[in-house]
Structures are given as C-alpha cells and as structure tokens.
Amino acid sequence: MMNRFSRVWGLCQGAALLGFLSPVVAVEKPEFYQDVYPFLKANCLACHNKTTAKAGLNMETPELMIQGGDSGPSIVPGKSAESLLIEASVHSPDLEMPPPNNKSGAVKLTDAEIAVLKTWIDQGAKAGVQAERQVTFKALAPGIDPIYSLALTKDGRHAVCGRGHRLFLYDLATRQLVAEITDPAVKGGGAHRAMVQSLAFSPDGTRLASGSFREVKLWERETVSAEAPAVAAPKPADEAMLKKIAETGKVAILNHQLSADGKVLVTGCADGSVRVWDVASAKSLAELRGSAAVVKDMAAHEWTVARETLEQAFQKADIAKIEAQNKALDELLKKAQEAIVAMQKVLPEKQKAVKPAQDEKANAQKAVDEVLAKIKAVPEGKPDAALEKALKDAQEKLAPFTMKETSALAAVSATENNIKDAEAEVKRINDSKAKNAKAIEAANAAITAAKQSQDKATAALAAAKATLTKPSAKPVAVALSADGQRAAAVFDDGRLTVWAVATGTAVEDQAGPAAPNATLAARQDGAFTATAPEGASRVAGAPVRWVLERTLGGEKEPLLFADRVNAVKFSPDGKLLATGGGEPSRSGDLTLFDLATGKATATWKDRHSDIVMSLDFSPDGKRLASGAADKIARVTEIASGKQVNLLEGHTHYVMGVAFRADGRVLASAGADGVVISWDMILGERKKKIEGWTKEVTSLQFIGATNQIVTSAGDNRVRIVNDEGGEVRSIAGLPDFMQAAASTANGATVVGGGEDSTLRIWNGTDGKELAAFAAK
C-alpha cells in the first residue's frame, strides 16, 4: 500500500511531470544548469547537498564546488586536469565517485558526461543562469483520491476533506454532502491541480485555506441571496392521521405540514417542541427543541466548564509538586536545625580548649625567647654548641604547642562557620517555603476562581438545558424541506428556527417581531420563508457557497512556495495564516500571511532542515509550533521571529503538533509511532505516549481538555490524554488513517485516510454514525 509518506517526493502526487534525463551529447559551450547539473543531480547530489554534505562537500552550485570540502576545492576553474571532481569521475585508483553499490543508486558518469564536465571546467566553470523549473500538471489517475487532510469548523457544524485534488464539504448536523468546492480555473474540475495536502477553517468558520503543490487557496463562504420558488404547497394531513399521531405521541398538535410524498409529518406542539413523524407507523423520527442561540450558549458553557476543570487540575498538580518540595525542605530544615544545635553544644568546649593551648604555647615560646636572649648576649653573636642545642630543644618543644593552639582555634572557627552555614541554610529554606506558601496561596486562589467560574457555567448550562424542556414560546407554523433533512418553525415570540432532522440540532435562528399568525413555506433551494400577516417576510436557512477569494503562490507567484504546502493554520484572531512546507530533504519553511492584504508579513526560511509537516498557534496567538521531517518540533515567537523552544524526542517525521487550550502543554505526533506531550513552562518532555504500531499521522487536543484525538497508519483513530492514558480506540478500520479531528465537546469525531472515506463517529462510545465514500 502506497501512502502519503511512501510516495516518491519527485512525483508531485502524480500531477507534475518534471521530464526525463536525455542522453548527454557533446556541447561546445556547456551551460551549468542545462548541461552539467542534471547528471550531477542524478549521481552526486544525494550525498553532497546542503543537508548531507559528505566529506564537507556541497556540489549544488559551482561556487560551492570551488569552495570544496575536506580535501580542498573539487574543481579548479580552467584546469580540469587538476580538478578532484574529474579524478573521482573517471574512477582513478585513488579516488572513485560515486562508489560502487551505493545506497543512492548513483552510477559512474558516462564518457560523454565526463567530457562535458571537463569542457565546462576548462571554460571557467561558470554558473550561468538557473532557469525556473517548469511544472506541467497532468490529470490524476483514476482512483487516486486518498484523504490526506480534513478540517472541522470550530462550532463542529461542517467538515471538509480533500480527496486527491478535490474538496468536499459536509454538514455534520444533517449528515450529508453539502457541496464540492471548486475553482473554475482548474481544467477538468477540482479545487487544485495537484493533491490537497492541508486544510484549515478560520476561527469564525467563514474562510477555508487549502494547501497543495506550490499554492494555497483561500475560500470564502457566501450566502446565496437569490430568490427561489417555494416548494408546491403540500396537502394537509387528514384528521384521523393527526389524531393517531397525537394519541401515540401523547402531544397536543397546534399546526402541521405533510411532506410532498405524504410519508413524513412535521408538527408544532403545545409543549413548545417541533416533532417529525413517520406517517405509516406514527413513530417519532425527531423531537426538535431549543434554538441555535441556546446551542451556541451551551457550547460556550461546556467549554468554560472544561477549561476550568483543566485549570483546577493544573493548579492542584502544581500544589502537589510544591507540597512535595516543602516536604523535602522540611527534612533539610530539620537537618540544618539539628546541625546548629549540635554545633552550639560543642562550641563552648572547643572555645574552652583554646586558652590552655595558648598558655602552653606562650610558656614554650618564653623558653625559646630566653635562649635567643642568651645567644644575643654572646660576644659577636656566635653561640656555643650548648646554646645551639638548647635553642633547638626549645623550638622542638614549641612546635607541638603551636600546632595544638592552631588546631584549637581552627576547631572553634570551623564550628562557628558550620553554625553560620547552617543558619544561612535555614534562612534559604525558610525563604523557599515562604515563596512556596505564596505560590500555594496563589494556586488556591486560582482554584477558587476556576471553581466559581465552573459552577457559574455549570448552572448556566443547566439553565440552558432547562429551556429545552420548558420553552417559553409555542410554534405557530412549521415546515419541512423538500429533501426532509431540515425542519423549521416560527414561534409566537417571532423567533424563526431551523433544525437538522438527523441530529436534532438547531442550526439557525432569526429574531423577529411577535407574529402569532405567521405562515412558513419551504423553498426549492432548501431555505424557508416566514411571512407575517401584514406581508413582511424573512428567509432562514438560505444556501451558502464557497468561492475562491485569492490564491497565494500558484501560477502568478510560482516561487512563493518551494514545493508542497503541507500545513496551513489560521491564528486565533483569524487575522493571520501560517503555512509550512519547504524543499524535501533541504529546507523547512514557515510563512505568515496578513489575510487582509494577502501579503507575507514574515518568512522564516530554513527554520527546519527538512519539510514542515504540521503547524499550530498557541491559544494567545503569540507562538507558532511547527513539526517537520527533520524529526524536530520547534516553537517560534511570532513578534520577534526567534525560536523559543527546540523539542527533540522523535526518531522520525513530526507529523502533527497541537497546543493544549491553556498553552501549558504541546503535543507532537511522530511517524515513529509515538506521541510526546511537552511541558511548555519548563520546555521539556512531559510524557512519551506509546501504543501505536505505525505512523501517528495527526493529532488535536479535544476542546479545553487534556484529551488528544489521533489518527495513525495502524488503521486506528485513538484518543489518549496527555499523561499517556488511553481514553478510547476506534480500531479495525479498513485502511491507513491520515487525519482525524474532534468537535470541541468531544461528541463527534471525524477521520479519513487511504480508502477515501470520511467517517463520523460518536465521540463518547466510538460508534460509527455516518460514512461518506468518494463519488
């Protein structure tokens, strides 16, 4: 099975034909890039390039070859006979390159190639002008439509996936394909000319970025405002049918509308609900309550509850660490205090020993001084042997007393210093404990604030849920879309709401004046028109379309991106777009674009030594994390452009990076089958999470929790927490999974991979809810 990572880079996903090497023929005046570079690239550059310069030699330009490597210049302009490159190319006894049976598949240069190389060197080894690489796109082969990337809107309403070079948008509320997003300029249809490598929605869900070969396209959501005819007015349901349904469902029906085929009935009920029924069985198909505003409020409250839960867990863990430190400090404090007591106990004894030692030394010194006085009194200062012996004996007696005094004083000094050191240690420990006490106080205050916020959000969430069962308004008119996927109702307080029947989710609201006698009609385009008795009307559920706003790179700016754009990400405020890519095995580039102008505001070339595979902004938008094929994750400070973290731990490509909602943890996914969580406060590894047998291809934190949803090549979508615990595993999928994402509340998970099918699961139990295959 070929997948995204085993395909040959140079194929450009089957869409770019770069040409084949033609046999080299004699050239009178060889040009480097036209006549020499092609056979050097095929047989030399694999081992002598920017990232792999064996023997210190880079052969990518004439200047670098003249500069040479460990053995000196590889070429001498005008003197091919003195150039090491020629010596190696002809396979001299002392030097032969490329070596036989090499791993790169390089072969010895032909006689014709060596002749061209010699001529070029003898003529001065000039660089010439490098022509722009021409890329000719061809249609992808039938069946080449894997899902390499997908994205969810922040509200979890829509999902988009790339299949081959095409984009498909799905409504997760109605669980149906909404549209294929296309660029009319792409011949044969589709969004791009090459494979879709990366996707991201803006925070507000009104923009979509898609990355492909050397280009990023920005798509904008537009509401279709054109008038559309109404669906033919369906016939009313007969009284017997309504009575049966009312009795079966134990509801009082205020108004109703029958579907065009007469098989489905939508009713407005006295309990404030809107219900959809199967006419034949009189069974309820859906009970629709609430409004889009309530859904939005509930999502916000759920996020707050999760965020504050995370905050409390962090602060409690921090307190536990500080308390462990305090426990260790208490042990040190006890030892320091015991040392002070012990030293103070022995100090008087040591001080007492000083005076006798000093007296003994003084007496011995007096004896020495007396002998010296006698010697001084001798004529001409020449003592006899007896005096000399007496002096020697007195000095020998003085030495041990001097040593004894020195030892006594040293013992006192050492004891006093030990007391001072222990007292300093006590102060340091007490200062640390005081600092820790303040930290614990601050952490407890943060816990209290988080708990209050959580309780407030929990109460607000409960109140919002209560409005679903105890609504304050009653439906005065109902309607069902022609395809039966959406239902709408006008309420007596003027609100107009549209629901997705499949999930019961309220997807749109419109406020309006109280209209107890309003009417409601479905339109052929799927929208609904509410009309008040005085003639005023409004439309809800109007269809939307995605149109191309602008293209970054592409034909107009072919050099903006070196190769495929493997990652795109909007900043949290939606004002910037970050892109990641680079030239395979040579560079990993990051670029920031101002979405108001479409211009690059910052470019960090070679931030990585190989292509960038993944990106994520920190929650505050101040940092950008990037993972690359160089096996490293890096974090860049956006304001300064400085690298603030270099995170090494993977042994293969870093396929995904994601910040936790509080910004304190970054997770990275590797082609080594490992996820690593990083402590961004300390800048070090927090946990190495294992359990995958193949590449972990993507990851995302779920909402404001510590849970991470991942996709992998072992045919699984797996949810773990950042401490390494497994939450859920959706296993036994048909093929290699390339991407997965989750709604903020974790209720819905989507994933896709090599089999081209976008799957939707219930995030709480892992059951499949829908599967959308390629068409």
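Residues numbered from 1 in each chain as written. Predicted model: local features only at pLDDT ≥ 70, side-chain atom pairs only at ≥ 80, totals over all residues. Heavy atoms only, no water.

Participant: A description of the sheet that holds strand 13 (residues 283–288) should follow, citing residues and the corresponding values.
Facilitator: The antiparallel open sheet is built from 4 strands, whose spatial order is 10-11-12-13. Either end of the sheet is taken by a strand with one partner, and the two such strands are strand 10 (253–258) and strand 13. Strand-to-strand, the axes of this sheet are offset by a mean angle of 25°, without reference to chain direction. Of the strand pairs in this sheet, strand 10 and strand 11 (residues 264–269) are connected by 5 bridges, and their pairing is antiparallel. By the bridge assignment for strand 11, His-256 is matched with Thr-267. Across the sheet, helix 5 (residues 239–249) is in contact with strand 10, strand 11 and strand 12 (274–278); its angle to strand 10 comes to roughly 120°. (Pairing = 2+ DSSP bridges. Helix = DSSP H or I, 4+ residues; strand = E, 2+ residues; numbered from the N terminus. Axes fitted to C-alpha atoms, helices over the stretch in contact; angles between N-to-C directions. Contact = heavy atoms within 4.5 Å.)

Participant: Quick one: what's the story with the side chain of Asp-610, residue by residue and with numbers?
Facilitator: For Asp-610, the position within the fold is in the loop between strand 25 (599–608) and strand 26 (612–617). A distance of 2.7 Å separates a polar side-chain atom of Asp-610 from the backbone nitrogen of Ser-585. Apart from residues lying up to four places away in sequence, Asp-610 is in contact with Glu-583, Pro-584, Ser-585, Arg-586, Ser-587, Gly-588, Ala-628, Ala-629 and Asp-630. (Polar contact = N/O pair within 3.5 Å; in protein donor to acceptor, adjacent residues only side chain to side chain.)

Participant: How would you sum up the sheet that holds strand 39 (residues 748–753)? Please name residues and give values.
Facilitator: Reading across the sheet, the 4 strands line up as 38-39-40-41 and stay open at both edges, with antiparallel pairing between neighbours. Among the strands making up the open sheet, the edge pair consists of strand 38 (737–742) and strand 41 (768–772). Ignoring which end each strand starts from, the neighbouring axes of this sheet average 15° apart. Relative to strand 41, strand 40 (residues 758–762) runs antiparallel, the two sharing 4 bridges. Its bridge partner lying in strand 41, Trp-761 is registered against Glu-768.

Participant: Explain empty space enclosed by the protein to me, using residue names and the numbers behind them.
Facilitator: Enumeration over the complete set of coordinates arrives at 2 cavities of 30 Å³ or more. Reported here for the largest cavity is a volume of approximately 80 Å³. Taken together, 14 residues form the lining of the largest cavity, with Phe-561, Ala-562, Gly-581, Gly-582 and Asp-589 sitting closest to its centre. Counting only elements with at least two residues in the lining of the largest cavity, the list comes to strand 23 (576–581) and strand 24 (588–594). Looking at side-chain class alone, the lining of the largest cavity contains 5 nonpolar, 5 polar and 4 charged residues. (1 Å grid on protein atoms, 1.4 Å probe; cavity = no way out; pocket = protein on both sides within 12 Å on 5 of 7 lines; lining within 4 Å. Points joined across faces, edges and corners; volume = space filled by probe spheres on them. Nonpolar A, V, L, I, M, F, W, Y, C, P; charged D, E, K, R; others polar.)

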